[in-house]
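Fold and contact review
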Amino acid sequence: MFGPDRLDRFARHIVLPEIGGAGQARLAQAHVVLIGAGGVGSPAMQNLAAAGIGRITIVDSDRVEASNLQRQTIFAASDIGEAKAEQAASWVRRFDPEIAVEARNLRIDRDNAAQIVAGADLVLDGCDNFATRLAVSDACVAAGVPLTSVAVGRFQGQVANFAGHLPGIACYRCWVGDAFDADDCDTCAEQGVLGAFVGMVASLGAMQAIRVLLQGSASLGDPQWGQLHLIDGLKPSLRTIRVTRDPACRGCGPDVAPRHSDDRTA
Ligand SMILES: [Zn+2]
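Below is a summary of the structure that appears in this document.

Things to note about the sheet that holds strand β3 (residues 100-104)
Within the open sheet, the 8 strands sit side by side as β3-β2-β1-β4-β5-β6-β7-β8. Their pairing is mixed. Edge positions in the sheet fall to β3 and β8 (237-242), since each of these pairs with one other strand and no more. On average, adjacent strands in this sheet sit at an angle of 15° to one another, irrespective of strand direction. In the sheet, strand β6 (residues 156-162) pairs with strand β7 (residues 227-232) via 4 bridges, with the strands oriented antiparallel. Bridging from a neighbouring strand, Gly157 pairs with Ile231 of β7. Sitting on the sheet, helix α4 (residues 41-50) touches β1 (31-35), β2 (55-59) and β4 (122-125), and the angle it makes with β1 is about 170°. The sheet strands contacting helix α5 (residues 84-95) are β2 and β3, and the helix crosses β3 at an angle near 170°.

Concerning the pattern of salt bridges
This model, assessed by the stated rule, comprises 8 salt bridges. A salt bridge links Asp178 to Arg250; the shortest N-O distance between them is 3.3 Å. Separated by 72 residues along the polypeptide, Asp178 in the loop between α8 (172-176) and α9 (188-191) and Arg250 in the loop between β8 and α11 (261-265) bring together distant segments of the chain.

Some remarks on empty space enclosed by the protein
In this structure the tally under the stated criterion is 1 cavity of 30 Å³ or more. In this structure, the largest cavity encloses a volume near 40 Å³. In terms of lining, the largest cavity is formed by Ser137, Cys140, Val141, Val145, Pro146, Leu147, Phe162, Ala163, Gly164 and Cys171. Looking at which element gives the most residues to the lining of the largest cavity, the answer is helix α7 (residues 130-143), with 3 residues.

Quick notes on the pairing of β6
Where burial is concerned, most of β6 is hidden: 5 out of the 7 residues are buried. The pairing of strand β5 (residues 147-153) with β6 spans 7 bridges and is classified as antiparallel. What sits directly across from Ser149, in β6, is Ala160. Once β5 ends, the chain turns through 2 residues before running back antiparallel as β6, passing Arg154 with a positive phi of about 50°.

Each value, and the rule that gives it
Residues numbered from 1 in each chain as written. Predicted model: local features only at pLDDT ≥ 70, side-chain atom pairs only at ≥ 80, totals over all residues. Heavy atoms only, no water. Pairing = 2+ DSSP bridges. Helix = DSSP H or I, 4+ residues; strand = E, 2+ residues; numbered from the N terminus. Axes fitted to C-alpha atoms, helices over the stretch in contact; angles between N-to-C directions. Contact = heavy atoms within 4.5 Å. Salt bridge = Lys/Arg side-chain N within 4 Å of Asp/Glu carboxyl O. 1 Å grid on protein atoms, 1.4 Å probe; cavity = no way out; pocket = protein on both sides within 12 Å on 5 of 7 lines; lining within 4 Å. Points joined across faces, edges and corners; volume = space filled by probe spheres on them. Buried < 20%, exposed > 50% of the residue type's maximum accessible area, 1.4 Å probe, protein only.

Structure follows, in structure tokens:
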């Protein structure tokens, strides 16, 4: 299964009863698509790469700016002006040459989302606007791909696993509704964000993604579908609410995605 180098590299995972050799093998086979290589995406990507995820695709159309360096932990001053997706992929290659990494230097939207999420085992969305998040969520539901959603606004963080393609499980659109499809709101530039806090929320996102990937392979593999973890960074505290499936949801409801109709009526 693993050679001596890989056994050594992941020894602290493998001795964990919650992961073990079977869990580590599963992570090595997994393909994660990361939407955004920014404040959430950078530390989430570091944790996922360190965990031994075998294949990582990074989607981001931005270039590194000086104001990113306060929280986007994979970038250095020498990266300013360079494409984030490319620089992020370079970070992964340096960190672990055995990870298959792909940079997609483009802005994800309704037209290209299906092609980008196709074949992924999981999508982790840490982007900075609702319109993209909803496009990603709808594409994940249609493709049957689980979605880990990670969002930060000032000192509030939200992390949840969605799977609208599964019967009775909510999708991201069930949670936020349709109001934000056309908006580009709630960006860090307007709100401000503290680097240490966004890193904390992003790490929880990576943890929740790993839970999904380990389902069926290790005891940590409880995806906690629809459990929305709300983190207050000032106290700090964490509370959890359940997001229920919205029967009228345009993303996963009964009037779309007819190929899933059997799942819903089962
Ligand atoms: Zn839904």
